[in-house]
Amino acid sequence: MREAVFVKRGTAKWTEFENVPTNDPDVLAEQFIAITDDLAYAKTFYPKSNTTKYLNGLAARFHQTIYKNKKEQGSRFIKFWTTELPLLFAQHRKQLRYSFIFFFVFCLMGALSAKYDNTFVRLILGDGYVNMTNENIAKGNPFGVYKEEEPALMFLHIAQNNLYITVASFVSGVFFSIGSVIVLMRNGIMLGSFQYYFFSKGVGMQSVLVIWIHGTLEISSIIIAGGAGLILGNSLIFPGTYKRVDSLKKGAIDGMKITIGILPIVVIAAIFESFVTRHTEMPLWLSCSILAGSFLFILWYVIIYPSILTNKLNLIKQNESKNGVKTIA
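In this report, the structure presented in the accompanying data block is examined. Residue positions within a chain follow its written sequence, with the count starting from 1. In keeping with the predicted nature of the model, local features appear solely for residues at pLDDT of at least 70, side-chain atom pairs appear and are counted solely at 80 or more, and the whole-chain, interface and lining totals rest on all residues. Only heavy atoms go into the side-chain values, all of them from the structure, while hydrogens and water stay out.

This brings us to helix α9 (residues 178–200). For the purposes of this entry, the term helix denotes a DSSP run of H or I that reaches at least four residues, the term strand denotes a run of E that reaches at least two, and both are numbered from the N terminus. Given the number of residues in a helix, its expected span is that number minus one, multiplied by 1.5 Å. In a regular helix each residue adds 1.5 Å, so 23 residues correspond to 33 Å; α9 covers 32 Å between its end C-alpha atoms and thus fits that length. Of the residues trailing α9, Gly 202 is marked for its positive phi of about 85°.

Take the packing of aromatic side chains next. Working definition: a ring pair exists when centres of Phe, Tyr or Trp rings (six-membered ring for Trp) sit within 6.5 Å. Plane angles under 30 degrees give stacked, over 60 give edge-to-face, the rest tilted. Going through the model one piece at a time under the given rule, you end up with 13 aromatic pairs. With centroids separated by 6.1 Å and ring planes inclined at 15°, the aromatic side chains of Phe 100 and Phe 104 adopt a geometry described as stacked. Taken together, the residues span about one helical turn, with Phe 100 and Phe 104 both in helix α5 (residues 93–116) at a distance of four residues. For Phe 100, a relative accessible area of 46% translates into the label partly exposed. When the centroid spacing of 6.1 Å and the interplanar angle of 40° are considered together, the rings of Tyr 129 and Phe 194 count as tilted. Residue Tyr 129 is found in helix α7 (residues 127–138), and its partner Phe 194 is found in helix α9; the two are separated by 65 residues along the sequence. In textbook terms, an aromatic cluster arises when at least three aromatic residues are bridged by ring pairs, as seen for Tyr 129, Phe 143, Phe 194, Tyr 197 and Phe 198. Burial classes follow relative accessibility: with a 1.4 Å probe on protein chains only, a residue under 20% of its type's maximum area counts as buried, one over 50% as exposed, and anything between as partly exposed.

Cavity means a closed set of points on a 1 Å grid over the protein atoms alone, one where a 1.4 Å probe fits but cannot get out, pocket means an open set with protein on both sides within 12 Å along at least 5 of 7 lines, and lining means a residue has an atom within 4 Å of a point. Grid points are joined across faces, edges and corners, and a volume is the space filled by probe spheres set on the points. Counted according to the given criterion, the structure contains one cavity of 30 Å³ or more. In this model, the largest cavity occupies a volume close to 40 Å³. Every residue lining the largest cavity is listed: Asn 162, Ile 165, Thr 166, Glu 218, Ser 221, Ile 222 and Val 266. Put simply, the parts of the chain that give the lining of the largest cavity at least two residues each are α8 (151–171) and α10 (204–237). Residue composition of the lining of the largest cavity, by class: three nonpolar, three polar and one charged. Any residue outside Ala, Val, Leu, Ile, Met, Phe, Trp, Tyr, Cys, Pro, Asp, Glu, Lys and Arg is labelled polar, Gly included; the first ten of those are nonpolar and the last four are charged.

What follows deals with unusual backbone geometry. Phi is positive for Phe 176, close to 55°, though the residue is something other than glycine. Considering the arrangement of structural elements, one finds Phe 176 in the loop between α8 and α9. Non-glycine residue Ser 177 carries a positive phi angle of around 75°. Judged by its relative accessible area of 6%, Ser 177 is buried.

This paragraph deals with the layout of surface pockets. Taken as a whole, the second largest pocket holds about 950 Å³ of empty space. Looking at the second largest pocket, it is lined by 32 residues, and the ones nearest its centre are Phe 100, Ser 220, Ile 223, Phe 295 and Ile 298. A per-class count over the lining of the second largest pocket returns 24 nonpolar, six polar and two charged.

Since there are 3.6 residues in each turn of an α-helix, residues three or four apart along the chain are aligned in direction. Here α7 contains twelve residues, and its C-alpha end-to-end distance of 16 Å stays within 8% of the 16 Å for a straight helix at 1.5 Å per residue. Within the span of α7, buried status applies to Val 130, Thr 133 and Asn 136. When α7 is viewed along its axis, its buried side chains cluster within an angular range of 125° and face the same direction. Along α7, the residues that are exposed and aim more than 90 degrees away from the buried face are Gly 128 and Ala 138. Contacts are assigned to residue pairs that have any heavy atoms within 4.5 Å of one another. Of the surrounding elements, those touching the buried residues of α7 are α6 (120–125) and α9. Gly 140 sits one or two positions beyond α7 and adopts a positive phi of about 80°. Summarising the geometry, the arc corresponds to the directions from the helix axis toward the C-beta atoms.

For salt bridges, the criterion is a side-chain nitrogen of Lys or Arg within 4 Å of an Asp or Glu carboxyl oxygen. Evaluated as defined, the whole model comprises three salt bridges. Glu 84 is the salt-bridge partner of Lys 257, the closest N and O atoms lying 2.5 Å from each other. Note that Lys 257 is positioned in helix α11 (residues 244–276) and Glu 84 in helix α4 (residues 76–91), a separation of 173 residues in sequence. A relative accessible area of 25% means that Lys 257 is categorised as partly exposed. Using a relative accessible area of 12% as the deciding quantity, one classes Glu 84 as buried. The shortest N-O distance in the salt bridge between Arg 122 and Asp 127 comes to 3.3 Å. Judged by relative accessible area, which is 32%, Arg 122 ranks as partly exposed. Looking at Asp 127, the relative accessible area reads 44%, which means it is partly exposed.

By themselves, these observations are geometric and do not establish any function.
Here it is, written out as structure tokens:
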């Protein structure tokens, strides 16, 4: 085969290997095998050409990446939360954004429904909860429900329920994303009506300072899990250039990683709800500090830090590309 024909056939593949790095070890291994096969052919028939030099440099980069990943297995646990999960947030920010929009709209629907239909809150929250809360408000203790159960037992119940909702939000996305939207709808409407109910009783701001101590992390986790479900569903609906089964596999892996990654946040939210929220008499500065800390953490870890990390990695990649051998004759 003439060298020009060999280059023409391989250029698109080599460019893809160079410009689309992957953290998937299976894909990385397949690409490394493919590039070393081409390198072996080039060394046999064009031993002194620029094509061989280029392929040799590309193969060396793959080898270095594989070797580096192998050395870092010991810190894999830490790397997942410091690098891999934030990069997934950045990669799938569109689905996370849509999940937030869906949830916010459903919250507004719940609040408006509660405002214009006096029976709506009871329909959503149940007569027992509404009657109990009305009695607590009359006693001057509107959030007494958080003090009724022993903290450790309360934690087990809440953690179990919230972990179930988080996983269900993701898994239900397999039904063409509709399942995840339904979970977001149920929780959004419940939150909207729930929050409006307290404002209608004149304890709205107090409810924000108390309930959102745990609610900031809890609701954020539901939204992120909903985004993971949209990743799963969209991979089935919009496979792009992948085979549908390969696209679904990739979407399932990415969505599962995100879901697993936020489980510690779900547990922390349950700890706050069980052991901290019950202290409704805490100083205003402490309540505001917890709220602000939780909000800033989510803002930093899910939005700001992933963007910074992505830009940093892109810059490193550009520098490596400039320093590499680019000429193909």
